[in-house]
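Summary of structural features
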Amino acid sequence: MAPAFLPLFYFLLFFFFFAFHLPLCFSGESSAMESVPDLQNTMYKVIDGDPCVRLLNLSGPIGCANPGRDKVLAPIIGFENVDGMSESSAILVSFEDFPSLFNRISDDLSFASKVAGVLVKSRTDVQNNLKGFSPDQKFPQAQFAPYHNFSYEWNPIGSGIMWKYYNFPVFLLTESATATIEEFVIRNENKKRAYTSNVAEFDLVMQTTKSGTHDSKSCLKEATCLPLGGYSVWSSLPPINVSSSKQSKPIILAVASMDSASFFRDKSLGADSPISGLIALLAAVDALSHVHGLGDLSKQLVFAVFTGEAWGYLGSRRFLVELEINSDAVHGLNHSSIETVVELGSVGKGYNEGVKNFFAHKEGGSAATDMTMTALKRAQESLLSENGATGHTNNNMLKLNGYENLQLLRLNYLLFFFFSPQNSAISGVVLEDFDSVFVNKFYHSHLDDLSNVNSSAVVAAASLVARTLYILASDSKDLEDSVLASINVNVSLVKQLMGCLLACDPGLSCELVNKYISPTSTCPSHYVGVIVDEPSSTPYPGYINDVPRFVWNFLADITSIPREHINSLGCQQGCSRDEVCIKAETDGKGVCILSTTRYVPAYSTRLKYESGVWNVLPSNSSDIMGIVDPVWTESNWNSIGMRVYTVQNAAYDRIVLFGGIALTILSYLGVAFSRALITKAMKRD
C-alpha cells in the first residue's frame, strides 16, 4: 500500500471501530459470542409481562394496543421524571402510582401524546401499601341492572380505567422483569450525555388496528376478532334419568361464576370475586355427594357454573336461551321445573377483620323466597348449635337483607329477573360477603389474589349452602338435626382448590387438577377467553379453557353413580347414552361414569354462527338484556411481546452519517490527489 494511503486507512479503521464498538461497550455485556443467537441474546433482552389488550364492542374499542401496524420503540424513563419528558417515552411506574399516571393521561391530552407505552412494576406486598384498587366502574355493568339508580356506588373505589381506550401498549411486569427494567432506567439516567440509550420495543399490534375495524360488528365481518365466550358447566345430583317417562321433580338450582376480569388480560384471578363462590359451591357439592338417599328427596339438585358473567352475563343469559329452545346442552332440564335459585357470589371475605358476616340478598317476597330464607336460617342454626357445643359461637354468621327493603339489587341477581317473566314463582337468593357496598377493595383487579380471601370464610359459606340445599330438596319440616350434622365440608378440599385455582404454586399443576386434566399452563387465569369454533354441547377439548375442563370433570366425578364393573378399555369403545367420559386427558383412555354433566356454550345472545362466520343479530324488543348487550369481542393478533436493548441516539447517528460522508469525500480526494502525484512522478521519470 502506498505511504500516502496509510494515514487515511488507519483513520477510517479507528473511526468505524469506535462507532460500532461503542454500543456494545455501553450494553455492559462482555461474554464471548460464538454464534448469531449469542449476539442476539447479548443485544436484546426479552421481558416477561402480562399485557392489556384490545377489546371491542358495538360502540367501539377499549383497552390497549400499539397505535399503528408497526412495533413501538421508545426510551424508558421513571414515573418520577415524567414532568421533564421531552420526547415520546415508555414510562416505568410503580403500582402505587399507576392510578395517578392514568388519571393524568385521561386529563392531559398533551401529556398523553408523549406516552409511548407503560411498564407497571410488580411487587409481592403491594396490597399492604394500597387502600384499594379497582379498575372497574363504581357500578359494574349498570346497564344490565333491573332498576335505574345507576348513580349508586357498589364499588366506591372503582376508577373505570379498564373500560377506556388507550392508544399505546401497557404491560404488567413480572418481578424479575421489574428488576431488569429498573436497571435499564438507572443506566439511562447515568448516560444523559452519552451517545446511547436503553429502549423498550413493544410488539402489541392488533389485527383490528391493521384492518381499520374498530367495533365488534365490523371486526367480526372481516374476521379480525373473536367473540368473548367459552363454556359453562352444569351437573345434577343424583344424575337425572333422561330416558324416564316420569314427570321431572322440581329443581333446586345452585349457581356460581368461574370468570373474572382485570386490566391485564391473563392476570384475572378474581379470588374473592367470584372464585371464592365457585370453590364454595364445589365444596358444597362434594359434601352433598357423601349423603345417602339423595335420590329419595322430593326435589332435584342441579348445579351450574357460568363463564362470561363479567362481560355481560354471557353464561347465564345463554343458559336461559338453551333452556327455552330445549337444546342438547341442557337435555334433562325443564325450564318450568326450576323452583329455587341459590347463587354463591363473593364469599371469601366473610371472615374479614374479625367480623363474621354473610349476607343473603333475596329477590321479591314470594312464598318460595320465604321458604328459601327459612332454609338458610335453619342451616345457620344447625351450624351454630354445633359450634356452640364446641365452645365457638358466632351469632353474626348470617344477615338477611331483601331487595324490597333496600331498593337496591346486586348485579348478578339479574339471573332471577331472567326467570321471573316466565315463572314468577321462582325464588332467588344470593349469598355474599357484603351488604350495601363491596368489601373487596381489589374488585376486578389482578390484586384480588389468594392473599385477599380467607379459607375459613369459604368453608363456612360452603357448609351453609350445602345444608340449605338439602333442606330445600327434602321439603320436610321434620328434618332431624342429625341428618344436617352429617353434611360436612371437606376443609382440606377447600384449601386444595384455593391453591390450585388462586395461585401459581402449585396452581394448575396441583395433584387435584392433574387427576382430571392436562392443563396448558401452571398459573390459573379466570379470564373468559374467546369462543373459537361453532358452539357445541360436545366441544373439542382444545377449545375449552383449563378451568372449565377441570370443573366439568370434577363435577361429573363427584355427582356420578358408582359402577360395579369398570371397563379396562376406558372410553375407547365409547360410553353409553347416560354416561360421560372423564380423565381422558390424563391417561389417554378415560373412565365412563353415569353422570348428568354437560357443557353449555357461553356467548352473546346477539350473535349467531353461520357458515363459519359470526353475525350480529338485530336487537329484539322482547329481549331487554339483548338490547343493552355490548357484544364484546377480542382483537386477533399475530404475536405479543416486549424486549429491551441499547441503541445509539439520533445525534450520534448523524455524527456517524456525516463522518462517513466526510471520510468518503476525503477518500475520493485523497485517491485523486495520490493519482495526480503518481502520474506526475511517472512523467518526470
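Residues numbered from 1 in each chain as written. Predicted model: local features only at pLDDT ≥ 70, side-chain atom pairs only at ≥ 80, totals over all residues. Heavy atoms only, no water.

Attention shifts here to the state of the cysteines. Here the structure, examined in full by the defined rule, presents six disulfides. Note that Cys500 is cross-linked by a disulfide to Cys510, the S-S spacing being 2.0 Å. Taking the sign of the S-S torsion, 115 degrees for the link of Cys500 and Cys510, the bridge is right-handed. Linking Cys500 in helix α15 (residues 491-501) with Cys510 in the loop between α15 and α16 (511-514), this pair joins segments that are ten residues apart in sequence. Look at Cys500 and you get buried, because its relative accessible area is 0%. Disulfide partner of Cys504: Cys523, at an S-S distance of 1.9 Å. With the S-S bond torsion at 125 degrees, the cross-link from Cys504 to Cys523 turns out right-handed. (Disulfide = S-S within 2.5 Å. Helix = DSSP H or I, 4+ residues; strand = E, 2+ residues; numbered from the N terminus. Buried < 20%, exposed > 50% of the residue type's maximum accessible area, 1.4 Å probe, protein only.)

Membership of the largest hydrophobic core comes to 93 residues, with the highest contact counts inside it found for Phe550 and Val551. Considering every element that reaches this core, the biggest residue donor is helix α13 (residues 455-474), with 14 residues. With residues near it in sequence (within four places) discarded, Phe550 still touches Leu497, Leu501, Leu512, Val513, Tyr516 and Ile517. Counting 43 residues, the second-largest nonpolar core is a separate cluster that includes Leu101, Ile105, Ala112 and Val528. (Core = buried A, V, L, I, M, F, W, Y, C linked by side-chain atoms within 4.5 Å. Contact = heavy atoms within 4.5 Å.)

This part takes up helix α8 (residues 271-289). Between the first and last C-alpha of α8 there are 25 Å, a value that for 19 residues agrees with the 27 Å anticipated at 1.5 Å per step. For α8, the tally of buried residues reaches 18 of 19 residues, placing the bulk of the element in the interior. (Expected span 1.5 Å × (residues − 1).)

This part covers the pairing of strand β12 (residues 230-237). When you tally the buried positions in β12, you get eight out of eight residues, the bulk of the element. Pairing geometry for β12 and strand β23 (residues 597-602), over six bridges, is antiparallel. Bridging from a neighbouring strand, Trp234 pairs with Arg598 of β23. Pairing of β12 with strand β14 (residues 300-306), which is carried by five bridges, proceeds in the antiparallel orientation. Of the residues in β14, the one forming a bridge with Leu237 is Leu301. (Pairing = 2+ DSSP bridges.)

This part is about the environment of Tyr603. You can see Tyr603 is positioned in the loop between β23 and β24 (607-610). For the pair Tyr603 and Phe319, spaced 284 residues apart in sequence, the C-alpha to C-alpha distance is 9.6 Å. Other than its neighbours up to four places away in sequence, Tyr603 contacts Leu228, Leu314, Arg318, Ile531, Pro535 and Trp614.

Within a sheet, neighbouring strands are paired by backbone hydrogen bonds and run either parallel or antiparallel to one another. Here we have five strands laid out as an open sheet, ordered β8-β4-β3-β26-β11, and mixed in their pairing. Sheet topology places β8 (165-166) and β11 (225-227) at the edges, where each strand pairs with a single neighbour. Here three bridges tie strand β3 (residues 54-56) to strand β4 (residues 61-64), and the two strands are oriented antiparallel to one another. In the sheet register, Arg54 faces β4, and the bridge partner there is Gly63.

So, on to a nonpolar patch on the surface. A surface patch of nonpolar side chains, amounting to about 750 Å² of accessible area, comprises Leu657, Phe658, Ile661, Ile665, Leu666, Tyr668 and Leu669. Among the secondary structure elements, Tyr668 is positioned in helix α20 (residues 650-684). On the basis of relative accessible area, Tyr668 is assigned to the exposed category, the value being 61%. (Patch = residues over 30% accessible without salt bridge, like charges linked within 9 Å, V, L, I, M, F, W, Y side chains within 5 Å. Areas by Shrake-Rupley, 256 points an atom, 1.4 Å probe, with all protein chains shown as cover. Salt bridge = Lys/Arg side-chain N within 4 Å of Asp/Glu carboxyl O.)

Summed over all chains, the structure comprises 15 salt bridges. Note that Arg104 is salt-bridged to Asp83, the shortest N-O span being 2.8 Å. Taken together, the residues span a long stretch of sequence, with Arg104 in helix α3 (residues 98-107) and Asp83 in the loop between β5 (72-78) and β6 (89-93) at a distance of 21 residues. Since its relative accessible area comes to 31%, Arg104 is described here as partly exposed. Judged by relative accessible area, Asp83 falls into the exposed class, the value being 65%. Close ionic contact of Asp481 with Arg378 constitutes a salt bridge, the shortest N to O distance being 3.0 Å. Residue Asp481 is found in helix α14 (residues 481-485), and its partner Arg378 is found in helix α10 (residues 367-389); the two are separated by 103 residues along the sequence. Given a relative accessible area of 22%, Arg378 falls into the partly exposed group. Look at the salt bridges and you will find they share partners, linking Lys71, Glu201 and Arg643 into a network.

Once that is clear, we can look at the confidence of the model for the protein. Per-residue confidence for the protein averages 85 on the pLDDT scale, and 83% of its residues sit at or above 70. Residue range residues 390-396 is modelled with pLDDT below 50. Its contacts to residues more than four positions away, or to other chains, number nine contacts. Low pLDDT (under 50) marks residues 400-419, which in the prediction has 73 contacts with non-local residues, meaning those over four places away or in another chain. (pLDDT = per-residue confidence, 0-100.)

Two aromatic rings, taken as a pair, are described by how far apart their centres are and by the angle between their planes. Applying the stated criterion across every chain yields a total of 32 aromatic pairs. Plain terms: the ring middles of Trp163 and Trp632 are 5.4 Å apart, the flat faces sit at 45 degrees to each other, and that makes the pair tilted. Of this pair, Trp163 sits in the loop between β7 (115-120) and β8 while Trp632 sits in the loop between α19 (624-627) and β26 (633-635), and the two are 469 residues apart along the sequence. Here the aromatic residues Phe95, Phe98, Phe102, Phe133, Tyr166, Phe168, Phe263 and Phe264 are joined through ring pairs into a cluster of three or more. Here the basic side chain of Arg104 rests over the ring of Phe111, its NZ or CZ set 4.1 Å away from the ring centre. When the ring centre of Tyr603 is taken as origin, the NZ or CZ atom of Arg318, which lies over that ring, is 3.9 Å away. (Phe/Tyr/Trp six-rings, centres within 6.5 Å; stacked < 30°, edge-to-face > 60°. Lys NZ or Arg CZ within 6 Å of the ring centre and 35° of its normal.)

With that out of the way, let us pick up the sheet that holds β5. Spatially, eight strands are ordered β1-β27-β10-β5-β6-β7-β9-β2 in an open sheet, and the strand pairing comes out mixed. If you trace the sheet from one side to the other, it starts and ends with β1 (44-46) and β2 (49-51), each paired once. The average undirected angle you get between the axes of adjacent strands in this sheet is 30 degrees. For β1 and strand β27 (residues 641-648), the ladder comprises three bridges, and the chain directions are antiparallel. Bridge pairing in β27 links Val46 to Arg643. (Axes fitted to C-alpha atoms, helices over the stretch in contact; angles between N-to-C directions.)

All right, on to α13 then. For α13, with 20 residues, the first-to-last C-alpha span of 29 Å sits near the 28 Å given by 1.5 Å per residue. Of all 20 residues in α13, 18 are buried, a share of seventy percent or more. Of the residues flanking the start of α13, the one acting as N-cap is Asn454, its side-chain oxygen 2.7 Å from the backbone nitrogen of Ser456. (Polar contact = N/O pair within 3.5 Å; in protein donor to acceptor, adjacent residues only side chain to side chain.)

The next point concerns the environment of Pro618. Examined against the element boundaries, Pro618 turns out to sit in the loop between β25 (613-616) and α19. The class for Pro618 is exposed, based on a relative accessible area of 69%. As a C-alpha pair, Pro618 and Arg606 span twelve residues in sequence and 7.2 Å in three-dimensional space.

In this section: the side chain of Ser232. Mapped onto the elements of the fold, Ser232 is located in strand β12. Given a relative accessible area of 1%, Ser232 falls into the buried group. At a separation of 3.2 Å, a polar atom in the side chain of Ser232 contacts the main-chain amide nitrogen of Thr307. When sequence neighbours within four positions are dropped, the list of residues in contact with Ser232 reads Met258, Val305, Phe306, Thr307, Gly315, Arg598, Tyr599, Val600 and Ala602.

Every other side chain in a regular strand lies on the same face of the sheet, so the side chains alternate between the two faces. Most of β14 is tucked away: seven of the seven residues are buried. Neither face of β14 is open: one carries Gln300, Val302, Ala304 and Phe306, the other Leu301, Phe303 and Val305, and all of them are buried. Bridge count between strand β13 (residues 251-257) and β14: seven bridges; the pairing is parallel. Of the residues in β14, the one forming a bridge with Ala256 is Val305. Taken together, β13, α8 and β14 form a β-α-β motif whose crossover is right-handed. (Right-handed = clockwise from strand over helix to strand, strands pointing away.)

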